[in-house]
Amino acid sequence: MSDELKKLTEQAHDGITTFDFDGNKTPCIIIEEKKYDDMLAKIAGQSLSINTDLNILQDGLGNVFVEVVLTFSKGNIVETFMINAKTHLDFFETLAKTSMFALSSPKSNYGKDNVFMIQLPRPEKAQDALEIINNALIPKNQK
């Protein structure tokens, strides 16, 4: 394993899952409870937008990581999550289908309470990202 791949693997966020939300499988990023509570306290009751960037990092050998950067228009909040697309492909597949994902704390009841839903303003970006991820997961010598 290269040093860069090892570094990305170590940075990968563990709290990646999906849950049922109104009959639809929905991707979710689970963040530490205090961080989640602090974030909600800064933005509670405010109208805001969240810019979501999906920066895809690949090595040509079938390893793909996606840096998800969330920039909130209020509260001076920028959150970055590194996701291993090889182990969490279902997150990106459901993101491409639903164009939304949730932020949640470990103590939340997924799909019922205490989740913060984020709607992507441009659904085609998630679909484009999934296509890039799927192509990158196949090593070049196997295409």
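Overview of the structure. It should be emphasised that the depicted structure is a prediction, and the values quoted were computed from it without experimental measurement. (Residues numbered from 1 in each chain as written. Predicted model: local features only at pLDDT ≥ 70, side-chain atom pairs only at ≥ 80, totals over all residues. Heavy atoms only, no water.)

So, the side chain of T18
Here is the rule: Put simply, DSSP H or I for four residues or longer makes a helix, DSSP E for two residues or longer makes a strand, and each gets a number counted from the N terminus. Contact definition: two residues touch when any of their heavy atoms are within 4.5 Å.
Tracing the chain through its elements places T18 in strand 1 (residues 16-21). Beyond its immediate sequence surroundings of up to four residues, T18 is in contact with K25, T26, P27, C28, D90, F91 and T94.

Points about the nonpolar core
In plain terms, the rule: Throughout, nonpolar core names a set of buried Ala, Val, Leu, Ile, Met, Phe, Trp, Tyr and Cys residues whose side chains join them through atoms within 4.5 Å. Using a 1.4 Å probe on the protein chains alone, a residue whose accessible area is under 20% of its type maximum counts as buried, one over 50% counts as exposed, and one in between counts as partly exposed.
Core analysis: the largest hydrophobic core is formed by 30 residues, its most contacted members being I29, L70, F72, F92, F101 and L103. For this core, the secondary structure elements donating two or more residues are helix 2 (33-43), strand 4 (64-72), strand 5 (78-84), helix 3 (89-98), strand 6 (100-109), strand 7 (113-119) and helix 4 (123-137). Among all residues touching F72, those that are not within four sequence positions of it are M39, I43, L48, S49, I50, I77, L103 and F116. One finds L5, L8, A12 and F65 within the second-largest nonpolar core, a separate group that totals 5 residues.

Observations regarding the pairing of strand 2 (residues 24-30)
We count it as follows: Being paired, for any two strands, means DSSP has found at least two bridges between them.
Of all 7 residues making up strand 2, 5 are buried, and the element is well covered by its neighbours. The pairing of strand 1 with strand 2 spans 6 bridges and is classified as antiparallel. Across the sheet, residue T17 finds its bridge partner in strand 2, namely C28. If you look at the hairpin formed by strand 1 and strand 2, you'll find 2 residues sitting between the two strands, and D22 has a positive phi there, around 55°.

A short note on helix 2
Heads up, the condition is: Working note: the arc is built from the helix axis to C-beta atom directions.
Listed in full, the buried residues belonging to helix 2 are Y36, M39 and I43. End-on, the buried residues of helix 2 take up no more than an arc of 65°, which puts them together on one face. Exposed and oriented more than 90 degrees from the buried face of helix 2 are K34 and A41. Two residues or fewer after helix 2 comes G45, characterised by a positive phi angle close to 75°.

Focus: unusual backbone geometry
You will see that N76, though not glycine, has its phi angle at about 50°, which is positive. Here N76 lies in the loop between strand 4 and strand 5. A positive phi is found at S99, a non-glycine position, where the angle reads about 60°. Structurally, S99 is set in the loop between helix 3 and strand 6. Owing to a relative accessible area of 7%, S99 belongs among the buried residues under this scheme.

Details of the packing of helix 3 against helix 4
Basically, it comes down to this: Only the stretch in contact is used when fitting a helix axis, every axis being a line fitted to C-alpha atoms; angles between N-to-C directions are given from 0 to 180 degrees. Geometric relationships in this document are graded by angle, where less than 35 degrees denotes roughly parallel, more than 145 denotes roughly antiparallel, 65 to 115 denotes roughly perpendicular, and other angles denote oblique. Here a crossing is called left-handed whenever its near helix is offset anticlockwise from the far helix by less than a right angle, and right-handed whenever the offset is clockwise. By the convention adopted, Pro, Cys, Tyr, Trp, Phe, Met, Ile, Leu, Val and Ala count as nonpolar, Lys, Arg, Asp and Glu as charged, and the other residues, Gly among them, as polar.
Where helix 3 contacts helix 4, the two axes come as close as 8 Å, and the packing angle between them is 150°. When the axis of helix 3 is compared with that of helix 4, the two are roughly antiparallel. Judged by the sense of rotation from one axis to the other, the crossing of helix 3 with helix 4 is left-handed. Residues L89, F92, E93, L95 and A96 of helix 3 lie in contact with helix 4, whose contacting residues are A126, Q127, L130, I133, N134 and L137. Per-class residue counts for the contact of helix 3 with helix 4 are 8 nonpolar, 2 polar and 1 charged.

Regarding the packing of aromatic side chains
The way to describe two aromatic rings as a pair is by their centre distance and the angle between their planes. Condition: Two rings from Phe, Tyr or Trp (for Trp, the six-membered ring) form a pair when their centres sit within 6.5 Å of each other. Planes less than 30 degrees apart are called stacked, planes more than 60 degrees apart edge-to-face, and all others tilted.
Counted according to the given criterion, the structure contains 4 aromatic pairs. Consider the rings of F19 and F21, whose centres lie 6.4 Å apart with planes at 80°: the pair is edge-to-face. Three or more aromatic residues joined by ring pairs form one cluster here, namely F91, F92 and F101.

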